[in-house]
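Chain by chain, the residues:
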Amino acid sequence: MWRVLGIGRFMSCTSEHGVNWMLGAVADGMDLASAVGTYALMDTEQQQPTAEQARTIDQDIPRTFPDDADFRTGGAKLVQLRKVLYAVSRSVRTHGGPPCVVVVPYPPYGFCWVCFHQHDGGYTQGMNFIAGHLLRHCQPPLAYALFMYLLTTARVGLDAVYAEGMPGVAAATTQLQQLMTVHFPDMAAHLQRVGFNYHLLMKHYMSMFACALPAGPALDGVWDVIFSFGWQSVLYVVLALAQVVEHHVIAGKFSTRTGAPGLDHAGSASCYTVPGAYVSCGCAGSGMIATTDSVADLDLEATCALFESLGKRPTKDGSSDSLTKPVGVPTNLGKRAVKLMMQSQES
C-alpha cells in the first residue's frame, strides 16, 4: 500500500502509532505523496524562513523536549526538528499581526501572560511540540506531511488555533465550558466559584497535549483518538483530564508539601514529567506555590496548581528535601475521552 502511495521508502522507521496516523490521514483524503514531495523540494532548495521566523524557531527548538536526549544539543532529532519547522513555516498561510498575549489570573502572583507569537510566515509557538512528537514516530518528510494534514484538513483544522486572534482557541474555550457544565456540573460550579479561567488550558490546544504530557502511552493514545475523531476529541481529552482531578476538586482538599503542589493520589495511574510550558508568571519567582503540610480548602490558587500538577513526576523542591506528590495521568486517557464523547452523543 505505502509503495503505491509513493512513500514506501520512509516506512521502515515509522512506529505503529505513526502508521495509524497516516492511515487516518489517507482515509480523510490526504495526499501524503504530494506533501512528501513538497517537503523534498523545499529541503533540496534549502528554502529558509525570514530571519525573524528562523530566530524564533531556533529559540524554541532546544526547549521543546529538554528531558528527551534526542532533542538536546547534538541529539539525533534536533536538526530534523529545525528542518520540519522551517518547511512548515514556509507552507502555512500568512497569519500577520503582532504576537497575541492573553492575560489570565494565576495566583499567587495575580496574573500571568500567555504569549503565542504569530509571524508573517506562519510559525507559531506550540508548533514545535507537535513537530517534535511526530518526529518521535516517523521520518521528517512524513512528519511534515502529517503536520500539514493537521493544519489544513477540516476534520482537525489546527490552523484555526494558530490564526490571527486564535479563533480556534476562543471557540474551544467556550465549548469546553459548556461541556464541563454538562458532564461535570459540580466541578464546573467550583471552577466558576473560584474564578478559574479556562484560557489556562489553551496550551493543550496549541500543542495537542504534547507540551503537557510526556512521550508514552497516554500521549500516543490521545493522538490516536485525535487522528480518528478529529478536533472535537481534543475537548473531550481535556474533559478526561478534568475527570482525573474531579474527586480532589469536589472534595475541596489539597494535600501539599512545602514549595510545590501535590496530591495524595491512589490508583494505577502513571506519573510523568511535563516539559516546559508556555505559561510564564508575570512576576519574578519560580511560579511554585509555597504551602505547608496542612490540608486546606481548594481555592483558585490550589485549583490552578492542581491542573498544573497533572502528569508531573515527583521532583525535589530547590528549597527543601521534600518531594511533590502530583496527580498521575492514566495511560488510557484517550479511551476515557472517547467514552465521554460517546456519552455526549447518546444524550
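Placed above this text is the structure.
Read on for a plain summary of the structure. On a predicted model such as this, the values are computed, not experimentally measured, just so you know. (Residues numbered from 1 in each chain as written. Predicted model: local features only at pLDDT ≥ 70, side-chain atom pairs only at ≥ 80, totals over all residues. Heavy atoms only, no water.)

**Digging into the pattern of salt bridges**
Argument step 1. Taken as a whole, this structure holds 3 salt bridges when the rule is applied.
Argument step 2. Across the pair Arg 63 and Asp 60 runs a salt bridge, and its minimum N-O distance is 2.8 Å.
Argument step 3. Residue classification places Asp 60 among the buried positions, given a relative accessible area of 2%. (Salt bridge = Lys/Arg side-chain N within 4 Å of Asp/Glu carboxyl O. Buried < 20%, exposed > 50% of the residue type's maximum accessible area, 1.4 Å probe, protein only.)

**Comments concerning the packing of aromatic side chains**
Argument step 1. Counted according to the given criterion, the structure contains 10 aromatic pairs.
Argument step 2. Ring centres of Trp 21 and Phe 227 lie 5.5 Å apart, and the angle between their planes is 10 degrees; on these two criteria the pair is classed as stacked. Within this pair, whereas Trp 21 is found in helix α1 (residues 16-27), its partner Phe 227 is found in helix α11 (residues 217-229), the two being separated by 206 residues in sequence. Each member of the pair Trp 21 and Phe 227 is classed as buried. (Phe/Tyr/Trp six-rings, centres within 6.5 Å; stacked < 30°, edge-to-face > 60°. Helix = DSSP H or I, 4+ residues; strand = E, 2+ residues; numbered from the N terminus.)

**Some thoughts on the packing of α1 against α11**
Argument step 1. With their axes 9 Å apart at the nearest point, α1 and α11 run at an angle of 10 degrees to one another. By the criterion of interaxial angle, the relationship of α1 to α11 is roughly parallel. At the point where α1 passes α11, the crossing takes the left-handed sense. Here His 17, Asn 20, Trp 21 and Gly 24 of α1 lie close against α11, whose contacting residues are Asp 220, Gly 221, Trp 223, Asp 224 and Phe 227. (Axes fitted to C-alpha atoms, helices over the stretch in contact; angles between N-to-C directions. Parallel < 35°, antiparallel > 145°, perpendicular 65-115°, else oblique. Left-handed = near helix turned anticlockwise from the far one by under 90°. Contact = heavy atoms within 4.5 Å.)

**As for the nonpolar core**
Argument step 1. The biggest cluster of nonpolar side chains holds 101 residues, and the ones touching the most others in it are Leu 158, Phe 196, Tyr 205, Phe 209 and Trp 223.
Argument step 2. With 11 residues, the single largest contributor to this core is helix α12 (residues 232-251).
Argument step 3. In contact with Phe 196, other than residues within four places in its own chain, are Leu 191, Leu 201, Leu 300, Thr 303, Cys 304 and Phe 307. (Core = buried A, V, L, I, M, F, W, Y, C linked by side-chain atoms within 4.5 Å.)

**Remarks on empty space enclosed by the protein**
Argument step 1. Going through the model one piece at a time under the given rule, you end up with 2 cavities of 30 Å³ or more.
Argument step 2. There is about 100 Å³ of room inside the largest cavity.
Argument step 3. Together, 10 residues line the largest cavity, and Lys 203, His 204, Ala 212, Phe 307 and Leu 310 are the ones closest to its centre.
Argument step 4. Of all the secondary-structure elements, those providing two or more residues to the lining of the largest cavity are α10 (202-207) and α13 (300-308).
Argument step 5. Among the residues forming the lining of the largest cavity, the class breakdown is 7 nonpolar, 1 polar and 2 charged. (1 Å grid on protein atoms, 1.4 Å probe; cavity = no way out; pocket = protein on both sides within 12 Å on 5 of 7 lines; lining within 4 Å. Points joined across faces, edges and corners; volume = space filled by probe spheres on them. Nonpolar A, V, L, I, M, F, W, Y, C, P; charged D, E, K, R; others polar.)

**Focus: the packing of helix α9 (residues 185-194) against α13**
Argument step 1. Where α9 contacts α13, the axes come no closer than 9 Å and their chain directions differ by 125 degrees. In terms of their interaxial angle, α9 and α13 are classed as oblique. For the pair α9 and α13, the crossing hand works out as left-handed. Contacts between α9 and α13 pair Met 187, His 190, Leu 191 and Val 194 from the former with Leu 300, Thr 303 and Phe 307 from the latter.
Argument step 2. The class makeup of the residues in the contact of α9 with α13 is 5 nonpolar, 2 polar and no charged.

**Remarks on unusual backbone geometry**
For residues besides glycine, phi is generally negative; the peptide bonds are generally trans as well.
Argument step 1. You will see that Met 166, though not glycine, has its phi angle at about 50 degrees, which is positive.
Argument step 2. Mapped onto the elements of the fold, Met 166 is located in the loop between α7 (159-162) and α8 (167-183).
Argument step 3. Even without glycine at this site, Phe 209 takes up a positive phi of about 75 degrees.
Argument step 4. Counting through the fold element by element, Phe 209 comes out in the loop between α10 and α11.

**Some points on α9**
Argument step 1. Looking at α9, one finds that the buried residues are Met 187, Ala 188, His 190, Leu 191 and Val 194. Take α9 and look down its axis: the buried residues cluster within an arc of 160 degrees, on one side only. The exposed set on the far side of α9, more than 90 degrees from its buried face, consists of Asp 186, Gln 192 and Arg 193. (Arc of directions from axis to C-beta.)

**Side note on the side chain of His 183**
Argument step 1. Counting through the fold element by element, His 183 comes out in helix α8.
Argument step 2. Accessibility expressed as a relative area gives 18% for His 183, which makes it buried.
Argument step 3. The contact partners of His 183, leaving out residues within four places of it in the chain, are Tyr 236, Leu 239, Leu 340, Gln 343 and Ser 344.

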